[in-house]
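Understanding the architecture of this molecule
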Amino acid sequence: MRAEILTYLSNLKLTPFAVSQELPWDSQTQPLYLKNLKKIYLDSENIEESVAVPVMNGVNIQQETTTVRVYLATDAKNLPSQYDSTVDKIRASKDISTITGVNRRDCQITRTLQNDILLTEFEFQFSKLI
Amino acid sequence: MTTSYVAVAPGTNNPEMVLSVYGVAGNLTVPSLQNVTINNANDVFTWSQLNESAKLQVATTSTNSISTNLVVEEATFFGSNASATASSPAGEQGLLGLSVHKVKCNVSLNMGSKTVSCVGYVTGLAPTVSADSPVWVTPVTVTVSGEYTFA
């Protein structure tokens, strides 16, 4: 899922924002997105498996949920004029056709202020039955 | 006093229903059961007597059935032979074929270390799927003709 979203965002014109191919952490596990503003970072996928339909012969129908987090940090006082449209474009990654086989797509956007930095965090969740 | 609960766990005592066409060799094992109910409902004859303050009752003939819900598995539901007839083995007919052909079946169901057996007919199929539950599930009812036997 991360690869598909990264390809989709990299092909978009998101000026003045850029898309980083790297993970959002440095060698000390400090967030790179707080150092490099206006750069979009995608974290690695988290996968969770849970029982969707329990059956008594032990071979339950499982649901696999893949979570991808996207980070965008900007100056909170001087927000770029393209900020809102960029957030919409990132959010639209939820519905890209290159991600297939999923029966549920969710996106949650959280905004937090850290000093003078506005951190916009996107949490994409894709669920499928396995 | 010792107790022996019939606990169901994956791979241990998990109920499976086995059907075969009456008088025809060949079983259809139905896995992926979500729940099972064995119904044994006696009819009751009730009467009053002048020397009794309460009505008297006696059990008469019973109406028996086995109800279950299961996840639809293609081979089990549709059978292995699209051209199966009413005299084909149960595995070839599948649950749908046994219901459509209205075939009398031998049915057995394990309940812990015991096996419940009966003769009946498959009915009550209603496969369902929804956006919230994107796996086909169906109820299945076996209307039992006669009594259960236990072994």
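Everything quoted here is computed from the prediction, not taken from an experiment.

1. Looking at the overall build of chain A
Broken down by element type, chain A carries two helices and six strands. Along chain A, from the amino end to the carboxyl end, the secondary structure elements read α-β-β-β-β-α-β-β. Overall size of chain A, expressed as C-alpha extent along the three principal axes, is 60 × 30 × 20 Å. Of all 130 residues assigned to chain A, the portion counted as buried reaches 38%. Residue pairs at least 24 apart in sequence account for 58% of intrachain contacts in chain A once pairs closer than 6 positions are excluded. If the 14 positive side-chain charges of chain A are averaged to one point and the 16 negative ones to another, these points end up 6 Å apart.

2. What about the overall build of chain B?
From N to C terminus, chain B includes two helices and eight strands. When the helices and strands of chain B are read in sequence order from the N terminus, they spell out β-β-β-β-α-α-β-β-β-β. At 19 Å, chain B has a C-alpha radius of gyration far larger than the 15 Å of a compact globule built from 151 residues. If one aligns the C-alpha atoms of chain B with their principal axes, the spans along those axes are about 65 × 40 × 35 Å. Put simply, chain B has 151 residues, and 30% of those count as buried. In chain B, 56% of the contacts between residues at least 6 apart in sequence involve partners at least 24 apart. Summed over its atoms, the accessible surface of chain B is roughly 8700 Å², and 54% of this surface lies on carbon and sulfur atoms. In chain B, 4 positive and 8 negative side-chain charges are present, and the distance between their average locations comes to 12 Å.

3. Overview of the confidence of the model for chain B
For any part of a model where pLDDT is low, the fine detail of the predicted coordinates should not be relied upon. With 95% of its residues at a pLDDT of 70 or more, chain B has an overall mean of 91. At the level of chain-chain contacts, confidence expressed as ipTM amounts to 0.71, with global pTM at 0.76.

4. Let's talk about the packing of aromatic side chains
In total, this model carries eight aromatic pairs over all chains according to the counting rule given. Ring geometry for A:Phe122 against A:Phe124: centres 6.3 Å apart, planes inclined by 5°, an arrangement best described as stacked. Grouping residues by exposure puts A:Phe122 and A:Phe124 together as buried. Pairing B:Phe77 with B:Phe78 gives two aromatic rings, centres 5.1 Å apart and planes at 85°, and the pair type is edge-to-face. Through successive ring pairs, a cluster of aromatic residues spans A:Trp25, A:Tyr33 and A:Tyr71. When the ring centre of B:Tyr22 is taken as reference, the NZ or CZ atom of B:Lys104 above it lies at 4.4 Å.

5. Brief notes about the interface of chain A and chain B
Each partner contributes residues to the interface: chain A has nine residues there, and chain B has 15 residues. For the pair chain A and chain B, the summed buried area comes to about 950 Å², and 70% of that belongs to carbon and sulfur atoms. Summed over the shared surface of chain A and chain B, the result is zero salt bridges. At the boundary of chain A with chain B, the tally comes to one residue pair in polar contact (both at pLDDT 80 or more). Classifying every residue of the side of chain A that touches chain B gives six nonpolar, three polar and no charged.

6. What to know about the pattern of salt bridges
All names here are of chain A. If you walk through the whole model with that rule in mind, you get seven salt bridges over all chains. Note that aspartate 116 is salt-bridged to lysine 77, the shortest N-O span being 3.7 Å. Of this pair, aspartate 116 sits in the loop between β5 (104-114) and β6 (117-129) while lysine 77 sits in the loop between β4 (61-75) and α2 (83-91), and the two are 39 residues apart along the sequence. Given the relative accessible area of 44%, aspartate 116 is considered partly exposed. According to the relative accessible area criterion, lysine 77 is exposed, its value standing at 62%. Salt-bridge contacts for aspartate 95 lead to lysine 94; the nearest nitrogen and oxygen are separated by 3.1 Å. Within this structure, Arg69, Glu121 and Glu123 form a network of salt bridges that share partners.

7. What about empty space enclosed by the protein?
All names here are of chain B. If you walk through the whole model with that rule in mind, you get one cavity of 30 Å³ or more. If you add up the space inside the largest cavity, you get close to 30 Å³. Of all the elements in the fold, those that place two or more residues in the lining of the largest cavity are β4 (56-71) and α1 (74-78). Broken down by class, the residue content of the lining of the largest cavity amounts to seven nonpolar, one polar and one charged.

About the thresholds
- Residues numbered from 1 in each chain as written.
- Chains lettered and ligands numbered in written order.
- Predicted model: local features only at pLDDT ≥ 70, side-chain atom pairs only at ≥ 80, totals over all residues.
- Heavy atoms only, no water.
- Helix = DSSP H or I, 4+ residues; strand = E, 2+ residues; numbered from the N terminus.
- Buried < 20%, exposed > 50% of the residue type's maximum accessible area, 1.4 Å probe, protein only.
- Contact = heavy atoms within 4.5 Å.
- Lys, Arg positive; Asp, Glu negative; His and termini not counted.
- Charge placed at Lys NZ, Arg CZ, Asp CG, Glu CD.
- Rg over C-alpha atoms; globule rule 2.2 N^0.38 Å.
- Areas by Shrake-Rupley, 256 points an atom, 1.4 Å probe, with all protein chains shown as cover.
- pLDDT = per-residue confidence, 0-100.
- Phe/Tyr/Trp six-rings, centres within 6.5 Å; stacked < 30°, edge-to-face > 60°.
- Lys NZ or Arg CZ within 6 Å of the ring centre and 35° of its normal.
- Buried area = accessible area lost by both parts, 1.4 Å probe.
- Salt bridge = Lys/Arg side-chain N within 4 Å of Asp/Glu carboxyl O.
- Polar contact = N/O pair within 3.5 Å; in protein donor to acceptor, adjacent residues only side chain to side chain.
- Nonpolar A, V, L, I, M, F, W, Y, C, P; charged D, E, K, R; others polar.
- 1 Å grid on protein atoms, 1.4 Å probe; cavity = no way out; pocket = protein on both sides within 12 Å on 5 of 7 lines; lining within 4 Å.
- Points joined across faces, edges and corners; volume = space filled by probe spheres on them.

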